[in-house]
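Structural overview for review
Here are the chains, one letter per residue:
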Amino acid sequence: MSLLLTVGAMRGALGSLATASVLAPPGKASSLESLPPATALSLIILYVLLLVFGFCAPAINRFINRSKESSLPKHLSWPYGIRSFAGGMAASYVFILLIPEMQLFNSEIRVPFFNTYSLALLGLLIFKGLQHYCRHLAQERTRSMEEWAFVHSKSHEKHLSFRISGYVFMAYSSLILLTLPYQVSHLAPGMGVFLYLVTFSLHLCFELLSLNDESVKHYSQYVPIPLAISLTAALGLALSETLAQAYLLACISLLAGIIIYNVFLVELPNPDRSSYVWFLIGAVAFVLLNSLTLRSVPH
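Report follows, based on the coordinates. (Residues numbered from 1 in each chain as written. Predicted model: local features only at pLDDT ≥ 70, side-chain atom pairs only at ≥ 80, totals over all residues. Heavy atoms only, no water.)

**Thoughts on the overall build of the chain**
Broken down by element type, the chain carries 9 helices and 1 strand. When the elements of the chain are put in sequence order from the N terminus, they spell out β-α-α-α-α-α-α-α-α-α. Within the chain, the proportion of its 299 residues that are buried is 52%. Carbon and sulfur atoms make up 69% of the accessible area of the chain, which totals about 14200 Å². (Helix = DSSP H or I, 4+ residues; strand = E, 2+ residues; numbered from the N terminus. Buried < 20%, exposed > 50% of the residue type's maximum accessible area, 1.4 Å probe, protein only. Areas by Shrake-Rupley, 256 points an atom, 1.4 Å probe, with all protein chains shown as cover.)

In structure tokens:
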């Protein structure tokens, strides 16, 4: 799996973001006390979960890989089940929430000459351009080598590509924290907020495991500490509620193209390494959770 779980990816009740205010109300207190207790608690829980998974992802993946038993059918092996379940959530996320919500974001985004879809396309083009640039740099670096030039080129390309994927995930997870206060404010207290927190926790924590699965060495070198810094900054800004929601939604739209690209290129599990039973269960679970969350939204 890779960047956006996708996940196993989940963003419950984001459709309500279409009615977000562009700016925080004038004179609003910039402190923890200005947020409802459920909102502040949700922010802190998600922040702590991401920090724990960020630093513990290598150990969790080692445990999962050691637990694989080749003698068991894949649908009875829980490591295969977890990865397949996450892939099913990722596919459902794109079709059930992300694509429909991109239309709703248009009412809030105020970027000249751009709408949600063009921003998503721009994000995908930038991401693909960076990948090609990484390959160009790797080839240039190994041009003078002879026998092992190809091996060094591919290794350097993978290294650069992983760094880009890691930075994109950090930006995405930080944006989730930044927009969480408004999203939670449009959910019914109790079940709505709880389901929202569950869906996003599954989405982002599975994505961290996926990112670590790409490269254990590079993950330990580039992800945990920068992720902790970006999440801490995002938590502070979210608690102060000083940033315009319109610009945050524009950034999420920019990342949407990358999310979709990664889901279909990387996140959907290979038949040799996955269980269709658990893939199907993951897809159905996402639909049910999303349905329950939407029913909790006050009308």
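There is more to say after this.
**Thoughts on the packing of helix 1 (residues 37–66) against helix 2 (residues 78–105)**
Between helix 1 and helix 2, whose axes approach to 8 Å, the crossing angle comes to 125 degrees. On the basis of the axis angle, helix 1 is oblique to helix 2. Seen from helix 1, the contacting residues are Asn61, Phe63, Ile64 and Asn65; seen from helix 2, they are Trp78, Pro79 and Arg83. Tallied by class, residues from the contact of helix 1 with helix 2 come to 4 nonpolar, 2 polar and 1 charged. (Axes fitted to C-alpha atoms, helices over the stretch in contact; angles between N-to-C directions. Parallel < 35°, antiparallel > 145°, perpendicular 65-115°, else oblique. Contact = heavy atoms within 4.5 Å. Nonpolar A, V, L, I, M, F, W, Y, C, P; charged D, E, K, R; others polar.)

**Examining helix 2**
For helix 2, spanning 28 residues, the distance from its first C-alpha to its last is 37 Å, which sits close to the expected 40 Å at 1.5 Å a residue. At Val94, helix 2 shows its maximal kink, close to 40 degrees. Burial analysis of helix 2 places 20 of its 28 residues in the buried class, the great majority of the element. (Expected span 1.5 Å × (residues − 1). Bend = angle between axes of the 7 residues up to and from the residue.)

**Brief notes about the environment of Ile225**
Its place among the elements puts Ile225 in helix 7 (residues 224–240). With 171 residues separating them along the chain, Ile225 and Gly54 place their C-alpha atoms 8.6 Å apart.

**Digging into the packing of helix 1 against helix 7**
Between helix 1 and helix 7, the least distance of the axes is 10 Å, while the angle of their chain directions is 175 degrees. Put simply, helix 1 runs roughly antiparallel to helix 7. Facing Leu43, Tyr47, Leu50, Leu51, Gly54 and Phe55 of helix 1, the residues of helix 7 in contact are Pro224, Ile225, Leu227, Ala228, Leu231, Thr232, Leu235, Ala238 and Leu239. Looking at side-chain class alone, the contact of helix 1 with helix 7 contains 13 nonpolar, 2 polar and no charged residues.

**Some points on the packing of aromatic side chains**
Any aromatic ring pair is given by two values, namely how distant the centres are and how the planes are angled relative to each other. In the structure shown here, the tally under the stated rule is 3 aromatic pairs. With a centroid separation of 5.7 Å and 70 degrees between ring planes, the pair formed by Phe127 and Tyr261 is classed as edge-to-face. With Phe127 in helix 3 (residues 116–141) and Tyr261 in helix 8 (residues 245–267), the pair connects residues that are 134 residues apart, well separated along the chain. Taking relative accessible area as the criterion, Phe127 reaches 2% and is therefore assigned buried. (Phe/Tyr/Trp six-rings, centres within 6.5 Å; stacked < 30°, edge-to-face > 60°.)

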